[in-house]
Amino acid sequence: MCRHTRLYDRAARAGRVAMLTVLVATPLAGCADKGDASAQANAGPRDFLVVMNRPNKLNLVDLKQRKVVNSCDLPGDYGPGTVAMSPDKRTAYVLTNRFENIYGVDVDTCEIRFSARQSQGDERVKSIGSIAVSPDGKEVYTHQNPTRLLIDRYEVQDARVAVFDTSAGLEARPVRTFPAPRQITIMAVGKDGTLYMGGRDIYAMNMQTGATTVALASQSRNDPLESLRDSLTVWPVGDINDEMVRMYSAAQYKDASQDLASADWVWGFERVDLATGAVETKVFGPLEVVLFSGMARPSDPNQFYGVLTQLKKFDVAAQKELNSVDLEHSYYCINFSTDGSEVYLAGTFNDIAVYDADTLKKLGNIALQGGDMALANSRVFSRAL
Amino acid sequence: MLNIGRLARVSALLALLGTGQAFAATDTPATSSPQEIIAASCSGCHARDGEGRWFRISDQRKTPEGWQMTLVRMQITHKAQFIDPAGGDGDAALRTLVKYFADTQGLAPQERAPYSFILEQELNTIEEHDSEQFRSMCARCHTGARVLLQRRTEDEWRNLVHFHLGQFPTAEYQMMGRDRDWLGEALRDVVPDLAKKYPLQTDAWTQWQAAPKPALAGRWRVLGYMPGRGDFSGVMVTGAQDGDRYTVVFNGQFADGEALSGSGSAIVYTGYEWRGTLKIGDESYRQVMAASADGAELTGRMFQRDHDEWGLRMRAVRETPRSELLAVQPGFIAAGGESLLTLVGINLDGAADLGPGLKVLEEVSRSAGQILLRVAADDTAAVGVRAIRVGKSDLPDAITVYKGMDRLQVEPAFAVGRVGGDGGSQPVVQAIFDAIAWSNGADGEAGTQDDLRIGRVAANWSVAPWNEQATADQDVRFAGQMDKDDGVFTPAGAGPNPERKYQTNNAGNLKVIASVDRDGQTIQGDGHLIVTVQRWNNPPIR
């Protein structure tokens, strides 16, 4: 566990959200650390979790056994470690190597089937946690922040979405690019192939034409009774609910005078139903502590959970906290078992904490080999071995 | 985008080339001319126009530290090699360029003066900015001073924005970045504003370039004050060498007699930017001072290289044949009380006149630079700040006569300490407090015009939780130790603490309390201390 790599410090405790600043990477060469997934006897569908950690490992966790069953060492440096799964749940597409490279990794064999260096020539490209896979698994999308490194100066280029063909092999180049808004982090793809992007608003992009609309107005809401919303997330979660979800914080004013002193500070969520494209925004509770990620319980959309130094459970309809437990250390990224019975906390250090979703009682820890997960997100899915 | 391994290397290089080695006067300069070194080292990327101006390089002005940071960044990030075509050492070539650029593209004294604190490493300074936009766009990641110690053409300010987002792509994602069109705002609003307020060409710079530059060799009477230690006086002797370099011999002592003496060297940039490197006992010290235009004074700070929180705010006054009273230490006396006062000056000659109600009981010692007096103040001595005269030299506002010590003020009111050590690369950063006594004046009310600032007094020190959260998190237990006699807080070790809730760092939010017992009454003052995590990147301008 690396003591110098924490994003969150006590500034967050004092009510300020720690910023996306510390991203640490250590050089690594190497390849597959073949695990014992094939040795598992039980062939029925079961829950797995994938998550990355330092130095640049992709882990496959059997959640029933609470055990890492495969761990793949990837080339290059770490960060951010954002992962998205192929529809068949066999290939993990990860964003790593200082926010620049994409790898498509067979989670069972560690074979790298796809890779793309987004930086090319004099253009350096960084993607801040934004990676998604098309519903048919044929394309992978990233949001790119390019900068031209000219001989005596840098020139920031317009942001764009890049489309890669997942069958393009190990030196893949984008097959299409579309102009995109800046400041995008998480992305998800709807059943109809629409790409949703979380930025100052949540945008929807037609992946054939590149036409982009505001799917959910967040900062552009212009509600006289609400302050500008703030949403900090690099953790795409919610796919087991077939949704893209992110939390926001805002002040709700008593009246149009917008007096902050009498305003209520609240947590809310913004979500896109990936099956229908319907959007929803709701306040789920008072803003009392900083939370980094949150999502609804798969078995009950009225129960919303959030995490950082506490694991909290809210009744959405009542906008009320139902339960809260202090954690052993901060965890950035929340997830659930597909049946909603267990909560998995990842990010920050190198262990995944398991909690009972009903009682918030701790059930165990799953230790990862290697270092911190830092900004990595987890993905949970159910499949046969 | 930060990377710790890389940062460690950067920090090491910055430290190597920091205010120490790059500024050491004993280091010989390169043999080749600056223009030859620029042509050999920079022209691979920077082209020259028909007028001999180098693209980008010629369109900026900054402090010696600013140029040093730029050149070191070229070395680290862009693999620039500083080459002396005559075959000299690369570090010498780099030092020659820092000197050349600071001399020819520096800041005028009045352009630098408002932001001296950052060069002097006064890191508990809280900046105030007129513009909320400037604060959130620029001064949320580094000091505003870092920006305002630069002058650029509009194109260069624009290039700086592109550099920022290219080098630190998350700048537009962070708080106060993601709430706006950061890049649009930077290019549309901030660039023209900076170009207007901080242009490359200014009258101040043109005039300073034309002005004669003072020679700074001589003998200097030094007056100072070190938070945590108190008043200081001494003598500094400087000897001229080639290339605006000086030898430095520094001798002095604190009011309690403890010596602070050593020697070293200094170099002067831009005609007034004095940068010294001294060895005092086992410690390395830096001097960052500015010379007055007439060369009569140097003012600034001398601080420990490895613990820059410890530093002497100092003023060095050139000794001339004139008699001059410069300071009285301590600068206060109680009406009805008795004190030992040290009168510090140059060529002090004649009787000391302390004004009505203050009587010299004994002249304990006398030299040309210092008179030690035992003084009694009448009960009826006029309360207030008064002048003192020695012979023909008057010192206005020399001493405060007070009646009753009514309250304490903790200085600084807000300080930051940092956890460190414990196997990590960064040392603990201490927080150093002084208790300043005040009298409420004749009206007996605090906060009114007749209040008198008395001065630094000994106090008992303690810390308490700043708020309920600090109580709940046991910050007093974990964050570190306050020395009860000295007012020096030493933060605890770095890294997650398994004994703490959430295994969090030994951070803390503390109230610092100074108390003094006077005639059975306790007077108390408090300040605010944040103990926080390490800084990993500590360039000369933060």
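### Focus on the overall build of chain A
- Check the secondary structure of chain A and you find 1 helix and 30 strands.
- The buried share among the 385 residues of chain A stands at 53%.
- Once local pairs closer than 6 in sequence are excluded, the contacts in chain A between residues at least 24 apart make up 51%.

### Considering the sheet that holds strand β20 (residues 264-273) of chain A
Residue and element names in this part refer to chain A.
- Read across the sheet, 3 strands follow the order β19-β20-β21 without closing on themselves; strand pairing throughout is antiparallel. The strands lining the two open edges of the sheet, one partner per strand, are β19 (243-252) and β21 (279-286). Strand-to-strand, the axes of this sheet are offset by a mean angle of 25°, without reference to chain direction.
- Strand direction decides the pairing type here: β19 and β20, joined by 10 bridges, are antiparallel. When the sheet's bridge partners are listed, arginine 246 is paired in β20 with glutamate 270.

### A word on the packing of helix α2 (residues 34-41) of chain B against helix α4 (residues 90-104) of chain B
Residues and elements named next belong to chain B.
- Direction vectors running N to C along α2 and α4 enclose 120°, while the axes themselves pass 10 Å from each other. Of the two possible hands of crossing, α2 and α4 adopt the one that is left-handed. The residues of α4 that touch α2, namely those facing Pro34, Ile37, Ile38 and Ser41, are Ala93, Thr96, Leu97 and Tyr100.

### A closer look at unusual backbone geometry
- Cis peptide bonds are those with omega within 30 degrees of zero, and the linkage from A:Arg54 to A:Pro55 qualifies with 5°.
- Relative to the elements of secondary structure, A:Pro55 occurs in the loop between β2 (46-53) and β3 (57-62).
- A cis amide bond links A:Gly79 to the next residue, A:Pro80, at an omega of -5°.
- For A:Pro80, the location among the structural elements is in the loop between β4 (67-73) and β5 (82-85).
- In this structure, B:Gln121 is a non-glycine residue whose phi angle is positive, near 60°.
- Along the chain, B:Gln121 falls in the loop between α6 (116-119) and α7 (132-137).

### A closer look at the sheet that holds strand β25 (residues 480-482) of chain B
Residue and element names in this part refer to chain B.
- Within the open sheet, the 3 strands sit side by side as β21-β26-β25. Their pairing is antiparallel. With partners counted over all chains shown, the strands left at the sheet margins are β21 (431-432) and β25, one partner each.
- Bridge count between β21 and strand β26 (residues 488-491): 2 bridges; the pairing is antiparallel. Note that in β26 the partner of isoleucine 432 across the bridge is valine 488.

### Regarding the pairing of strand β7 (residues 273-280) of chain B
Residue and element names in this part refer to chain B.
- The buried fraction of β7 is high, at 6 of 8 residues.
- Where strand β6 (residues 262-269) meets β7, 8 bridges bridge the pair, whose relative direction is antiparallel. Residue pairing for β7: tyrosine 269 is matched across the bridge by glutamate 273.
- Between β6 and β7, which pair antiparallel and follow one another directly, the connecting turn spans 3 residues, one of which, threonine 270, has a positive phi of 55°.

### So, α2(B)
Residues and elements named next belong to chain B.
- Burial in α2 covers these residues: Ile37, Ile38 and Ser41. Each buried residue of α2 lies within a common arc of 100° when the element is viewed along its axis, so the set occupies one face.
- On its buried face, α2 is in contact with α4.

### Concerning helix α9 (residues 154-167) of chain B
- Taking 1.5 Å of rise per residue, the 14 residues of α9(B) would be expected to cover 20 Å, and the 20 Å separating its terminal C-alpha atoms lies within 8% of that figure.
- Counting buried positions along α9(B) yields 10 of 14 residues, so the element is predominantly enclosed.
- On the buried face of α9(B), the contacting elements are β11 (139-149) and β12 (154-156) of chain A together with β1 (60-62), β2 (150-152) and α10 (182-197) of chain B.

### Remarks on the environment of B:Phe168
Residues and elements named next belong to chain B.
- Mapping phenylalanine 168 onto the fold places it in the loop between α9 and α10.
- Using a count of 16 C-beta atoms within 10 Å as the deciding quantity, one classes phenylalanine 168 as partly exposed.
- Sequence spacing of phenylalanine 168 and threonine 153 is 15 residues, and the spatial spacing of their C-alpha atoms is 22 Å.

### What to know about the confidence of the model for chain B
- When the pLDDT values of chain B are averaged, the result is 94; 95% of them are 70 or greater.
- Note that pLDDT drops below 50 for residues 1-22 of chain B; the model gives that stretch 48 contacts with residues more than four away or on any other chain.

Procedures and definitions
- Residues numbered from 1 in each chain as written.
- Chains lettered and ligands numbered in written order.
- Predicted model: local features only at pLDDT ≥ 70, side-chain atom pairs only at ≥ 80, totals over all residues.
- Helix = DSSP H or I, 4+ residues; strand = E, 2+ residues; numbered from the N terminus.
- Buried ≥ 20, exposed ≤ 12 C-beta atoms within 10 Å, placed from the backbone.
- Contact = placed C-beta atoms within 7 Å.
- Pairing = 2+ DSSP bridges.
- Axes fitted to C-alpha atoms, helices over the stretch in contact; angles between N-to-C directions.
- Left-handed = near helix turned anticlockwise from the far one by under 90°.
- Arc of directions from axis to C-beta.
- Expected span 1.5 Å × (residues − 1).
- pLDDT = per-residue confidence, 0-100.

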